[in-house]
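What follows is the residue order along each chain.
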Amino acid sequence: MSERMWELIQSPRVAPSILSADFAKLGAQVSEVMDAGARVIHFDVMDGHFVPPITIGPLVLGGIADQVHDAGGAVDVHLMIAAPERQIEEFAEAGADSITFHEEATPHAHRTLHAIRELGCLAGVAINPGTPPDAVAELRGLADVVLCMSVNPGWGGQSFIETSPAKVERLVPLVGEAKIEVDGGVDATTAGSLAAAGASLFVAGSAIFGAPDPAQAYADIAAAAGAV
Ligand code: DX5
Ligand code: ZN
């Protein structure tokens, strides 16, 4: 599971977030972006506690994981939930290739990163806009992915926080071999500055699924990000 994802993210990638997809035809929406070249599908989990909304969980993940894997892709699970250490096993069993939790959501980030790797997934840690880059410095070597939120977590379609590229630049010397992921307000106009700052995994929700032609929107963002 994790090997496939690690190999995929050696190249810069745009990861469509299905949060903005039409859930009545989720399989078709996933096919549309994968046919356009996407190989990493971003899966947003919200619990009504860490962030106000409630979204989707392991049951829906299990519903798309085989489709994504059969098409040569991987599912990037983003947990915006309190006490994520209690839920990681269920997401790993449902087909997650990477599991990213929020540093702010648990006092046990170090142990949780270990536990995610033990379950056979890539391990990721996310930080909110108000959390300094230093918060992940002690996790170097344990995280495969460091996710820098470029909006406050909880909703798709928010405005990009303009200081995000500068924050990515400050993260680069702190993360070692980990890839830097960005999430929130990523589109063809913001992706370039994030790529120049050192990000290589670009989550985009509304800019893809809210566009009249999601395949074209994917291609435009990938071109702007220098992604494959
Ligand atoms: C927000 C989620 C994002 C969301 C991004 O809390 O983590 O993944 O889908 O949406 P856009 O790309 O519309 O900002
Ligand atoms: Zn996300």
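Residues numbered from 1 in each chain as written. Chains lettered and ligands numbered in written order. Predicted model: local features only at pLDDT ≥ 70, side-chain atom pairs only at ≥ 80, totals over all residues. Heavy atoms only, no water.

Before going further, it helps to examine the overall build of the chain. On a plain count of helices and strands, the chain comes out with 9 helices and 8 strands. Counting only C-alpha atoms and orienting by the principal axes, one finds that the chain spans roughly 40 × 35 × 35 Å. In the chain, which comprises 228 residues, the share counted as buried stands at 54%. Put simply, of all contacts in the chain between residues at least 6 apart along the chain, 66% involve residues at least 24 apart. Charge separation in the chain, taken as the distance between the mean sites of 11 positive and 29 negative side-chain charges, equals 4 Å. (Helix = DSSP H or I, 4+ residues; strand = E, 2+ residues; numbered from the N terminus. Buried < 20%, exposed > 50% of the residue type's maximum accessible area, 1.4 Å probe, protein only. Contact = heavy atoms within 4.5 Å. Lys, Arg positive; Asp, Glu negative; His and termini not counted. Charge placed at Lys NZ, Arg CZ, Asp CG, Glu CD.)

Turning next to the coordination of the zinc ion (ligand 2). Around the zinc ion (ligand 2), the donor atoms from the protein are His42 (NE2), Asp44 (OD), His78 (ND1) and Asp183 (OD), and they sit 2.0 to 2.3 Å away. Around the zinc ion (ligand 2), the 6 donor atoms are arranged such that angles at the metal cover 72 to 172°; this shape is classified as octahedral. We note that the donor set of the zinc ion (ligand 2) lies within a single chain, spaced as H-x1-D-x33-H-x104-D. Here Asp44 is found in strand β2 (residues 40–46), whereas its partner His78 is found in strand β3 (residues 74–80), with 34 residues between them in sequence. Comparing Asp44 with His78, the two get one shared label, buried. (Donors = N, O, S within 2.8 Å, 3.2 Å for Na, K, Ca; no water. Tetrahedral: all angles 85-135°; square planar, octahedral: opposite > 155°, others 65-115°.)

The N-to-C vectors of helix α2 (residues 26–35) and helix α3 (residues 58–70) enclose an angle of 35°; their axes lie 11 Å apart at closest approach. In the packing of α2 onto α3, the handedness of the crossing is right-handed. Two secondary-structure elements touch here, α2 through Leu26, Gly27, Val30, Ser31 and Met34 and α3 through Val60, Ile64, Gln67 and Val68. Across the contact of α2 with α3, the residue classes break down as 6 nonpolar, 3 polar and no charged. (Axes fitted to C-alpha atoms, helices over the stretch in contact; angles between N-to-C directions. Left-handed = near helix turned anticlockwise from the far one by under 90°. Nonpolar A, V, L, I, M, F, W, Y, C, P; charged D, E, K, R; others polar.)

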